[in-house]
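Summary of the model geometry
In case you want the letters, here they are:
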Amino acid sequence: MKISDLKFEQIQSYDPLHSKSNYLGMRKEWVARNEWGNAVAFGDTKVECIEDARRYCRIQNEKNEV
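Now for a look at the structure at hand.

Rules used throughout
- Residues numbered from 1 in each chain as written.
- Predicted model: local features only at pLDDT ≥ 70, side-chain atom pairs only at ≥ 80, totals over all residues.
- Heavy atoms only, no water.
- Disulfide = S-S within 2.5 Å.
- Buried < 20%, exposed > 50% of the residue type's maximum accessible area, 1.4 Å probe, protein only.
- Salt bridge = Lys/Arg side-chain N within 4 Å of Asp/Glu carboxyl O.
- Helix = DSSP H or I, 4+ residues; strand = E, 2+ residues; numbered from the N terminus.

Remarks on the state of the cysteines
Applying the stated criterion across every chain yields a total of zero disulfides. Free cysteine Cys-49: the closest other cysteine sulfur is in Cys-57, separated by 11 Å. Residue class for Cys-49 comes out buried when judged on its relative accessible area of 0%. Using a relative accessible area of 6% as the deciding quantity, one classes Cys-57 as buried.

Right under this line is the structure:
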């Protein structure tokens, strides 16, 4: 699995108690989805999401080697 196999998108969720929420209580975060549409990596910024996606890809590649 490669990072290019994942789709990155920005989502908004309602979390009024989170420190990064705006005045309406909405916060933005990034999610990476696999080919089936399952969310596999998350991050407050796109950079954090890409780092998490790299870890996910590394783990999946290790599982497939065994």
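Digging into the pattern of salt bridges
Across all of its chains, the model carries five salt bridges by this definition. Among the ionic pairs, Lys-20 bridges to Asp-44, the shortest N-O distance being 3.9 Å. Separated by 24 residues along the polypeptide, Lys-20 in the loop between strand 1 (7–14) and strand 2 (26–33) and Asp-44 in the loop between strand 3 (39–43) and helix 1 (46–65) bring together distant segments of the chain. Of the charged contacts in the structure, one is a salt bridge between Arg-55 and Asp-52, with a shortest N-O distance of 3.5 Å. With Arg-55 and Asp-52 both in helix 1, this residue pair falls three residues apart, about one helical turn. Here Arg-55 falls in the partly exposed class, since its relative accessible area comes to 41%. When salt bridges with common partners are traced through the structure, they connect Lys-20, Arg-27, Glu-29 and Asp-44 into a single cluster.

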